[in-house]
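Each chain, written out:
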Amino acid sequence: MLRAVLYFPLLCLALLSVTFSARGAMEIQVIGGAASKIAVAMVPFQAAPGQPEPALPRIAGDDLERSGQFRLVDVTGMQQPVAPAQVNYGVWRGKGADALVIGQVAALPGGRFEVRFYLLDVIKQTQLAAFSYTITAAQWRATAHQIADIVYEKLTGIPGAFSSRIAYVQKQGKRFELRVADADGQNPRTVVRSNEPVISPRFSPDGARVVYVSFEDRKPVVYVQSLRDGGRSQVAAFKGSNSAPAWAPDGRRLAVVLTRDQASQIYLINADGSGLTRLTRGGNLDTEPVFSPDGQSIYFTSDRGGSAQIYRVAAKGGEPRRVTFSGGYNVSPAVSPDGRNLAYISREDGRFSVVLHELASGQTRVLTDTARDESPSFAPNGQAVLYATVQGGRGVLGTVSLDGKTRTRLSESGVDAREPAWGP
Amino acid sequence: MNKIFLPVLLALTLSACGTTPDTQATVEDRTGATATTATTAGPAGGAESTGLDGAGVAGSALPGDQYAGDPRKDPASPLSRRSVHFDFDSYVVKPEYRPMLEAHASYLQSKRDARVILQGNADERGSREYNLALGQKRAEAVRRALAVLGVSDAQMEAISFGEEKPRNEANTEAAHAENRRTDVVYADE
């Protein structure tokens, strides 16, 4: 019944390029999109005095539009219902809307707000969802992302990922900052500041910690840091280089790359730095380990076949098996949350692009048309890939949908952003 | 000695493709610090080397203690040369670096408390982590060359900066060649 909306004839917007005004740190640009989009009308909510800006339907609408699966219906000059009983469905149907989001914000004592919102199916004239929240001003954007998540899930059948976060490294002059931001690039917070490079951040599965590689000790060392209190510790600081950390799905173990036994090899270690065991053996270069969602396998990059290719090995050890065969450079694997796809960087004619690889069939698809892509990672709902690329000589972050048709840019002027990771 | 240098290096480079000892290790070197702030920046990190790049300097190593100043800084000494450059996609130490590495080996054998960090680097193309591992291969090649010349493992640490600390930030072939290198840096410098 939720899917009914999808089957209705929709306006085709083959190519859409929308630049949202820079309301905060990041500018978001959507290029292209699905051939048929769900038309949703985000009606302004009844406002409360002193409510934060921008309004909730605006933030949630930006989220939905960025996914490439939604088209926002123009609501200017329309009647603006704030409760289901006020809705004249025929009018909205005439505007081409498939779904309608309405709501109210009321001020409560102590600077709090009560938010009520309703998602209505314009075609069937039914209510698909209704929620109320009591929030502080600080929870404003988070509430908007939750509304977007609910709308997205009710209308597509897939959980939304708008409430998730991303981590990335920002370089400004000689300074490096590890930042954590909302999935829309807003609300960035710096969690590490250093005069030396920081690379390879990864969220723990519960999102409470981040692991990364810092060069502050004049060599690469792996740190785990709490996002709650900022406390951190060295997990791997062995002789040689320590890098490429990846969390096991249980959040207790990490795969890391060490050179303590000379060649770059993959090891497993507890998140507190105890219990080191070696996983790969031999004098080849093995790096960029990443766990499969079930924790049973580890995908990694190796030069053991003479060129950089992706391999899979059982997490308890064994003989690695090659996964990628075409091209001479396939690196930086990421596994989709359902374990069915890999995203990685592939070099073809000197261009480095994001490739999606369906594991069962071995079929691959190039998702991007940029030339210097790096560091792909999947959205928690598996619907998009976050990656870094270079535009106009500086690093920018982007997302691309799995069909390659919807791309967004998250960029901030004057800084270099790189090494993104999508977290819970 | 000089005549066997390259063959030995090649043999070692090849032997690196063989097995390395399996290790079931417990944690060592774990500084275990739980600093609550994250603002520490290492002491100047990635020390600039003072290498005279280019063609090999003829001559052999002189004992370090003949100099009044720090022999490692004497521009006339091969000890002042600190950078080993590599060809594209190559991890073989070229013969032109023989005098320089012999000089460092002699110095390290004469000063058993001296320690060198071999800092490998890579050009910027491709994955940062993969480039970190490529830089490590270059650092490791120099470490092995010094080991052949008799330097003890305890005096050396091979690490990599990958593409993170380029000497030349331009996106040109010449810059890439400059960044494909290993620097020899003494721990007390």
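Residues numbered from 1 in each chain as written. Chains lettered and ligands numbered in written order. Predicted model: local features only at pLDDT ≥ 70, side-chain atom pairs only at ≥ 80, totals over all residues.

Some thoughts on the overall build of chain A
Scanning chain A from terminus to terminus reveals three helices and 31 strands. Out of the 424 residues belonging to chain A, those deemed buried represent 52%. Intrachain contacts of chain A at a sequence separation of at least 6 include 46% that bridge at least 24 residues. (Helix = DSSP H or I, 4+ residues; strand = E, 2+ residues; numbered from the N terminus. Buried ≥ 20, exposed ≤ 12 C-beta atoms within 10 Å, placed from the backbone. Contact = placed C-beta atoms within 7 Å.)

Some details on the overall build of chain B
When its secondary structure is counted, chain B shows four helices and four strands. Secondary structure elements in chain B, listed N-terminal to C-terminal, are α-β-α-β-α-β-α-β. Within chain B, buried positions represent 39% of all 189 residues. Partitioning the intrachain contacts of chain B with sequence separation of at least 6 by distance along the chain shows that 76% fall at a separation of at least 24.

Points about the packing of helix 1 (residues 56-66) of chain A against helix 3 (residues 140-156) of chain A
Residues and elements named next belong to chain A. At a minimum axis separation of 8 Å, helix 1 and helix 3 run at an interaxial angle of 50°. Considering the angle they form, helix 1 stands oblique to helix 3. Relative to helix 3, the crossing made by helix 1 is right-handed. Facing Leu56, Ile59, Ala60, Asp63 and Leu64 of helix 1, the residues of helix 3 in contact are Arg141, Thr143, Ala144, His145, Ile147, Ala148, Val151 and Tyr152. Residues that form the contact of helix 1 with helix 3 fall into these classes: nine nonpolar, two polar and two charged. (Axes fitted to C-alpha atoms, helices over the stretch in contact; angles between N-to-C directions. Parallel < 35°, antiparallel > 145°, perpendicular 65-115°, else oblique. Left-handed = near helix turned anticlockwise from the far one by under 90°. Nonpolar A, V, L, I, M, F, W, Y, C, P; charged D, E, K, R; others polar.)

Some points on the environment of Gly350 of chain A
All names here are of chain A. With respect to the helices and strands, Gly350 occurs in the loop between strand 24 (341-348) and strand 25 (351-358). You can call Gly350 exposed: it has 9 C-beta atoms within 10 Å. Sequence separation between Gly350 and Ala371 is 21 residues, and the spatial gap between their C-alpha atoms is 7.8 Å.

A short note on the sheet that holds strand 19 (residues 286-291) of chain A
Sheet architecture is open: four strands sit in the order 19-20-21-22 (chain A), paired in antiparallel fashion. If you trace the sheet from one side to the other, it starts and ends with strand 19 and strand 22 (321-322) of chain A, each paired once. Alignment of strand 20 (residues 297-302) of chain A against strand 21 (residues 309-314) of chain A, held across six bridges, turns out to be antiparallel. Pairing of Ile298 of chain A across the sheet is with Val313 of chain A, part of strand 21 of chain A. In this fold helix 3 (residues 128-148) of chain B packs onto strand 19 and strand 20 of chain A, with an angle of close to 145° to the strand it touches most, strand 19 of chain A. (Pairing = 2+ DSSP bridges.)

Looking at the confidence of the model for chain A
Scored by pLDDT, chain A comes out at a mean of 91, with 91% of its residues at no less than 70. A low-confidence stretch, residues 1-25 of chain A (pLDDT under 50), is modelled with 48 contacts involving residues beyond four sequence positions or located in other chains. (pLDDT = per-residue confidence, 0-100.)

A look at the nonpolar core
Side chains that are nonpolar tend, in soluble globular proteins, to be buried together. The biggest cluster of nonpolar side chains holds 123 residues, and the ones touching the most others in it are Val40, Leu100, Val101, Val151 and Val256 of chain A. The element that contributes the greatest number of residues to this core is helix 3 of chain A, accounting for eight residues. Composition of this core by domain shows at least three residues from each of domain 1 (2-156) and domain 2 (165-422) of chain A. Discounting chain neighbours no more than four positions away, the residues touching Val256 of chain A are Val222, Ala236, Asn242, Ala244, Pro245, Tyr267 and Ile269 of chain A. Within the second largest apolar cluster, 26 residues are counted, among which are Tyr107, Leu118, Met156 and Val185 of chain B. (Core = buried A, V, L, I, M, F, W, Y, C linked by C-beta atoms within 7 Å. Domains from an automatic or database assignment.)

Overview of the pairing of strand 3 (residues 156-162) of chain B
Residue and element names in this part refer to chain B. Within strand 3, seven of the seven residues are buried, which leaves the element mostly enclosed by the surrounding structure. Burial of the side chains of strand 3 extends over both faces: Met156, Ala158, Ser160 and Gly162 are buried on one face and Glu157, Ile159 and Phe161 on the other. Looking at chain direction, strand 2 (residues 116-121) and strand 3 are connected through six bridges and run parallel. Counted as the bridge partner of Ile117 is Glu157 from strand 3. Assessed by its sense of winding, the connection that carries the chain from strand 2 through helix 3 to strand 3 is right-handed. (Right-handed = clockwise from strand over helix to strand, strands pointing away.)

As for unusual backbone geometry
Residues and elements named next belong to chain A. Here the residue pair Glu53 and Pro54 is connected by a cis peptide bond, since its omega of -10° sits within 30 degrees of zero. Despite not being glycine, Ala244 has its phi angle at roughly 50°, a positive value. Tracing the chain through its elements places Ala244 in strand 15 (residues 242-247). On the basis of neighbour count, Ala244 is assigned to the buried category, with 32 C-beta atoms found within 10 Å. Positive phi values are uncommon outside glycine, yet Ser375 reaches one of about 50°. Within the secondary structure, Ser375 sits in strand 27 (residues 374-378). Take Ser375: there are 26 C-beta atoms within 10 Å of it, and that puts it in the buried class.

Quick look at the sheet that holds strand 2 of chain B
Residues and elements named next belong to chain B. In space, the four strands of this open sheet follow the order 1-4-2-3, with mixed pairing throughout. Each edge of the sheet is formed by a strand with only one pairing partner; in this case those strands are strand 1 (83-85) and strand 3. The average angle at which neighbouring strand axes cross in this sheet is 20°, direction not considered. Summarising the sheet, strand 1 and strand 4 (residues 181-186) pair through three bridges and their orientation is antiparallel. Paired with Ser83 across the bridge in strand 4 is Asp183.

A short note on the confidence of the model for chain B
Mean pLDDT for chain B: 75, with 64% of residues reaching 70 or above. Low pLDDT (under 50) marks residues 1-62 of chain B, which in the prediction has 116 contacts with non-local residues, meaning those over four places away or in another chain.

A closer look at the environment of Ala417 of chain A
Residue and element names in this part refer to chain A. Structurally, Ala417 is set in strand 31 (residues 416-422). Taking the C-beta count within 10 Å as the criterion, Ala417 has 25 such neighbours and is therefore assigned buried. Residues Ala417 and Val323 lie 94 residues apart in sequence; the distance between their C-alpha atoms is 30 Å.

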